[in-house]
Amino acid sequence: MTRRLLLSYLSLAALVLLCLEIPLGFVYSRGERERVVNAAKDEAESVSAYAALSLAAGRAERDLPERVVHCAQRIGGKVVIVDASGAPLATSHRLDVGMSGTLAARPGIAAALRGTSTVDVRTSRIGGVEYLSVAAPVGQEARPVGAVWLTVPTRMVHERVHHVWLLLALGGLAVLTAVAVVGFAFARWAGRPIRELEDATHELAEGGGRFTPVTITKGPPEVRSLAAAFNHTAARFAHLLSSQRAFAGEASHQLKTPLAALRLRLENLEPDVAARARGSLTAAVTETDRLARMVEHLLAMARLEEHAAIPATVDLGAVCAERHRTWQPLFAKEDVSLVLFAGSVGPVLAVPGAVEQIMDNLLSNALRASPAGSTVTIELRLQAPPRRALRDSRPGWVDLHVTDEGPGMTEEQRARAFDRFWRAPGAPKGGTGLGLALVQRLAHASGGEATLRAAATGGLDVVIRLPSARPQGEGGGPGGERPRRPRREAPALPA
């Protein structure tokens with residue numbers, strides 16, 4: 001805002017200066033030209049009158065040479081007096097032989113010998129005088145007895161005009177500098193309430209609901225109204241965040257404990273339940289476990305929305321290997337092979353703990369959907385962007401694929417799979433409908449994306465794309481070392 005206000009002040013000041021200084025410069029140039037022309041005409045008339053008196057008194061040969069030399073020195077130009085036939089009577093400088101015979105043919109002198117005064121002025125592009133000559137008749141205009149031809153150099157006029165233009169430019173620059181200083185101070189003062197609102201907004205965004213109320217007594221009425229609306233909105237937002245935080249903290253204790261007690265009571269009832277009711281008891285225990293997992297997922301999503309963590313560098317290959325070792329016994333128990341294709345993909349950027357939660361949810365879903373004797377594959381692939389320059393340092397992407405050989409999903413089902421509490425028709429029991437929603441939120445929080453694809457084996461291929469923490473030119477992409485082929489971990493033997 002400060003820059004825009006300052007730019008508007010400078011633009012208005014520059015426009016006013018241009019509208020004032022350019023006409024002033026041209027007016028001064030025209031005035032200087034007229035002053036020089038009038039001075040030359042006055043000087044020519046003075047010499048003409050003196051020459052007429054000298055000719056009438058018969059002292060022309062004695063007085064006129066001294067007079068024209070003195071006049072030429074005073075004006076810094078040249079003066080020539082000719083008689084009625086055009087022959088030179090007195091000159092302030094030596095004339096060439098050819099020039100002496102052609103004086104009467106010059107337009108100005110010829111007009112003066114006919115009784116007409118002439119002025120020849122040529123101007124430059126900026127209005128300064130470039131060339132000036134004045135011719136005046138000597139004696140009566142009806143019957144002149146000679147003519148005076150006066151030429152004035154115009155270099156000094158040029159210098160004066162250029163000096164004035166330079167002064168006008170320097171004056172305009174000084175005015176713009178003063179306007180910039182004063183305008184910057186005024187813009188800072190006018191934008192101070194907006195900056196306070198901006199600081200309060202950043203504090204609200206980064207402080208988890210904590211903010212300092214903005215003073216509503218500064219600035220114009222519109223800014224004060226905006227500050228009041230911001231304080232009201234921020235207070236409500238802080239109250240909502242604190243309520244959500246309190247709910248997450250209380251629910252983690254108030255819900256988990258009754259669910260654990262309920263499951264314990266159901267297990268204690270097992271010896272006293274008849275054989276025909278064992279199925280219902282098992283179903284009740286299963287639903288209790290499902291409710292407990294649902295509560296854990298809801299709390300995890302609430303904590304994720306509450307704390308916007310900053311992505312950090314994570315060794316994706318090491319995390320996948322660790323989760324592979326952890327889940328392998330569970331897959332072997334269900335007669336499902338869990339295979340890991342690990343490669344040199346380098347570190348990625350992810351929210352701390354996000355990759356572990358993503359892997360646990362994806363492997364849990366894959367285990368429930370995979371029939372006995374099938375295989376679940378974990379694969380890492382480096383997706384580098386196309387190379388556009390020799391030193392292109394843009395980061396690439398790392399794709400984490402978890403592929404199963406289960407029933408898969410239709411295109412419409414894959415489009416809804418990330419909705420909360422949505423479960424595909426015919427999905428195995430025990431799911432909560434929150435696992436994929438949590439996976440997508442964790443991927444987005446890490447700067448990545450989660451997508452579902454149809455696997456070539458007929459199952460589902462879940463792709464988690466995360467930004468690579470290694471620049472493109474450091475190897476593992478174009479311009480660097482070629483990525484090594486992924487290695488295959490030996491699958492666990494079926495139990």
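Structure: see above.
Overview of the structure. (Residues numbered from 1 in each chain as written. Predicted model: local features only at pLDDT ≥ 70, side-chain atom pairs only at ≥ 80, totals over all residues. Heavy atoms only, no water.)

## Let's talk about the overall build of the protein
Next up, step 1: Looking only at helices and strands, the protein has 12 helices and 13 strands in total.
Next up, step 2: When each of the 495 residues of the protein is scored for burial, the buried share is 38%.
Next up, step 3: Summarising the internal contacts of the protein: among those between residues at least 6 apart in sequence, 66% fall at separations of at least 24.
Next up, step 4: Total accessible area on the protein is roughly 28,600 Å²; 58% of this is exposed by carbon and sulfur atoms. (Helix = DSSP H or I, 4+ residues; strand = E, 2+ residues; numbered from the N terminus. Buried < 20%, exposed > 50% of the residue type's maximum accessible area, 1.4 Å probe, protein only. Contact = heavy atoms within 4.5 Å. Areas by Shrake-Rupley, 256 points an atom, 1.4 Å probe, with all protein chains shown as cover.)

## Here we look at the nonpolar core
Next up, step 1: Within the largest apolar cluster, 44 residues are counted, with the highest numbers of intra-cluster contacts made by Phe331, Val355, Leu362, Leu363 and Ile464.
Next up, step 2: The element contributing the most residues to this core is helix H10 (residues 354-369), with 8 residues.
Next up, step 3: In this view, phenylalanine 331 contacts Val336, Leu338, Leu363, Leu367 and Val376; residues no more than four positions away in its chain are not counted.
Next up, step 4: Membership of the second largest hydrophobic core comes to 23 residues, among which are Ala40, Ala51, Ala136 and Val157. (Core = buried A, V, L, I, M, F, W, Y, C linked by side-chain atoms within 4.5 Å.)

## Some words on the pattern of salt bridges
Next up, step 1: Counted according to the given criterion, the structure contains 8 salt bridges.
Next up, step 2: Between arginine 323 and glutamate 322 there is a salt bridge, and its shortest N-O distance comes to 3.1 Å.
Next up, step 3: With a relative accessible area of 13%, arginine 323 lands in the buried category.
Next up, step 4: Exposure remark for glutamate 322: the relative accessible area of 30% places this residue in the partly exposed category. (Salt bridge = Lys/Arg side-chain N within 4 Å of Asp/Glu carboxyl O.)

## Notes on the packing of aromatic side chains
Next up, step 1: With the rule as written, the count across this model stands at 3 aromatic pairs.
Next up, step 2: Summarising the aromatic geometry, the rings of phenylalanine 26 and tryptophan 165 are spaced 5.5 Å apart at their centres and angled 80° between planes, so their arrangement reads as edge-to-face. Highlighted residues: phenylalanine 26 in helix H1 (residues 2-57) and tryptophan 165 in helix H5 (residues 155-206), separated in sequence by 139 residues.
Next up, step 3: Taking relative accessible area as the criterion, phenylalanine 26 reaches 38% and is therefore assigned partly exposed.
Next up, step 4: Relative to phenylalanine 331, the ring of tryptophan 327 lies with its centre 6.2 Å away and its plane at 70°, an arrangement referred to as edge-to-face. Here tryptophan 327 pairs with phenylalanine 331, and both are found in helix H9 (residues 316-333), just 4 residues apart, close to one helical turn. (Phe/Tyr/Trp six-rings, centres within 6.5 Å; stacked < 30°, edge-to-face > 60°.)

## What to know about the side chain of aspartate 461
Next up, step 1: Looking at the secondary structure, you find aspartate 461 in strand S12 (residues 460-467).
Next up, step 2: Buried aspartate 461, no salt bridge; nearest opposite-charge side chain is arginine 453, N-O distance 4.9 Å.
Next up, step 3: Within polar-contact distance, the side chain of aspartate 461 engages the side chain of histidine 401 at 3.2 Å.
Next up, step 4: Discounting residues that sit within four places of it in the chain, aspartate 461 has contacts with His401, Val402, Thr403, Thr451, Leu452, Arg453 and Ala455. (Lys, Arg positive; Asp, Glu negative; His and termini not counted. Polar contact = N/O pair within 3.5 Å; in protein donor to acceptor, adjacent residues only side chain to side chain.)

## As for the pairing of strand S7 (residues 337-342)
Next up, step 1: Counting buried residues along S7, 5 of its 6 residues qualify, which places the element largely inside the surrounding structure.
Next up, step 2: Across 5 bridges, the pairing between S7 and strand S9 (residues 375-383) is parallel. Across the sheet, the residue bridging to serine 337 is threonine 375, located in S9. (Pairing = 2+ DSSP bridges.)

## A word on the packing of H10 against helix H12 (residues 435-445)
Next up, step 1: At a closest axis distance of 9 Å, the pairing of H10 and H12 adopts a crossing angle of 150°. Classified by the angle their axes make, H10 and H12 are roughly antiparallel. The hand of the H10/H12 crossing is left-handed. Contact residues: Ala354, Gln357, Ile358, Asn361, Leu362 and Asn365 in H10; Gly435, Leu436, Leu438, Val439, Leu442 and Ala443 in H12.
Next up, step 2: Class assignment of the residues belonging to the contact of H10 with H12 gives a composition of 8 nonpolar, 4 polar and no charged. (Axes fitted to C-alpha atoms, helices over the stretch in contact; angles between N-to-C directions. Parallel < 35°, antiparallel > 145°, perpendicular 65-115°, else oblique. Left-handed = near helix turned anticlockwise from the far one by under 90°. Nonpolar A, V, L, I, M, F, W, Y, C, P; charged D, E, K, R; others polar.)

## Observations regarding the environment of isoleucine 75
Next up, step 1: Mapping isoleucine 75 onto the fold places it in helix H2 (residues 60-75).
Next up, step 2: When its relative accessible area of 23% is taken as the criterion, isoleucine 75 is described as partly exposed.
Next up, step 3: With 32 residues separating them along the chain, isoleucine 75 and glutamate 43 place their C-alpha atoms 8.5 Å apart.
Next up, step 4: Here isoleucine 75 is in contact with Glu43, Leu150, Thr151 and Val152, once residues within four sequence places are set aside.

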